[in-house]
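Each chain, written out:
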Amino acid sequence: MTAPRRPGPTGALLLALALGACAYTPGDLPQVHYATAASHGQTGAFFAGRPSEQQVDTAVAKWSVAIADAYACDLPKTEVLQAGAVAALELATMSSLAKGGGERMRQEAVGDYLADTLQLAWSDRPKPPANRCAALSRWLPQVQQEGRAALQRAHEQGLIKF
């Protein structure tokens, strides 16, 4: 008997959006952690710790819903795109660490998650409540600031091209 197949990044993203549409709170926004730590090399990744598969799934859900809601709130597209790039790097790093993979697995996952976050721009979500949009408006610059250095190092390492 074989184990059930886990959904890939796209399947997980769609599942996360479906579940995330059920309920959220304005302050339930993801933060940059693993991408920043891993961008400092193996020592940084070691100190960040190894996330569980459930933590990865929770992060995928939070980032997916936040990015989709940011688009639905009609926030500046450039800022949402950059947050999507940060999300892709964060999720790919988490997934690679959780599975015990190395840089190659991380590189492959970055592309998958980046494509998934870009698809969120065309998701047909209703506009969230005003307090959620306000929270996302404050969150985007924070993600940009926290993710900027990680994205730059990822670019230098050839993980993301921009």
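Look up a bit, the structure's there.
Attention in this report is confined to the structure presented alongside it.

**Thoughts on the state of the cysteines**
Okay, so step 1: If you walk through the whole model with that rule in mind, you get one disulfide.
Okay, so step 2: Note that Cys-73 is cross-linked by a disulfide to Cys-133, the S-S spacing being 2.0 Å. Taking the sign of the S-S torsion, -85 degrees for the link of Cys-73 and Cys-133, the bridge is left-handed. Of this pair, Cys-73 sits in the loop between α4 (53-72) and α5 (77-98) while Cys-133 sits in helix α7 (residues 130-156); the two residues are 60 residues apart in sequence, bridging distant segments of the chain.
Okay, so step 3: Judged by relative accessible area, Cys-73 falls into the buried class, the value being 7%.

**Examining the pattern of salt bridges**
Okay, so step 1: Evaluated as defined, the whole model comprises four salt bridges.
Okay, so step 2: For the salt bridge of Arg-132 with Asp-69, the shortest nitrogen-to-oxygen distance reads 3.0 Å. Here Asp-69 lies in helix α4 and Arg-132 lies in helix α7, a separation of 63 residues in the sequence.
Okay, so step 3: What makes Asp-69 buried here is its relative accessible area of 1%.
Okay, so step 4: For Asp-74, the salt bridge identified is with Lys-77, shortest N-O distance 3.3 Å.
Okay, so step 5: The class for Lys-77 is partly exposed, based on a relative accessible area of 42%.
Okay, so step 6: Among the charged side chains, a network of salt bridges with common partners joins Asp-69, Arg-125 and Arg-132.

**Digging into α7**
Okay, so step 1: Here α7 spans 38 Å end to end across 27 residues, near enough to the 39 Å set by a 1.5 Å rise per residue.
Okay, so step 2: Along α7, the helix axis deviates most sharply at Gly-147, where the bend reaches about 45 degrees.
Okay, so step 3: Turning to α7, its buried residues number three or more, namely Arg-132, Cys-133, Ala-135, Leu-136, Trp-139, Leu-140, Val-143, Gln-144, Gly-147, Ala-150, Leu-151 and Ala-154.

**Some details on the nonpolar core**
Okay, so step 1: Ranked by size, the top nonpolar core spans 40 residues in total, and within it Trp-63 and Trp-139 carry the most contacts.
Okay, so step 2: Per element, the largest residue contribution to this core is 12 residues, and it comes from α5.
Okay, so step 3: Once you skip the residues sitting within four places of it in the chain, Trp-63 turns out to touch Pro-30, Gln-31, Val-32, Ala-83, Val-86, Ala-87, Glu-90, Leu-91, Trp-139 and Val-143.

Parameters at a glance
Residues numbered from 1 in each chain as written. Predicted model: local features only at pLDDT ≥ 70, side-chain atom pairs only at ≥ 80, totals over all residues. Heavy atoms only, no water. Disulfide = S-S within 2.5 Å. Helix = DSSP H or I, 4+ residues; strand = E, 2+ residues; numbered from the N terminus. Buried < 20%, exposed > 50% of the residue type's maximum accessible area, 1.4 Å probe, protein only. Salt bridge = Lys/Arg side-chain N within 4 Å of Asp/Glu carboxyl O. Expected span 1.5 Å × (residues − 1). Bend = angle between axes of the 7 residues up to and from the residue. Core = buried A, V, L, I, M, F, W, Y, C linked by side-chain atoms within 4.5 Å. Contact = heavy atoms within 4.5 Å.

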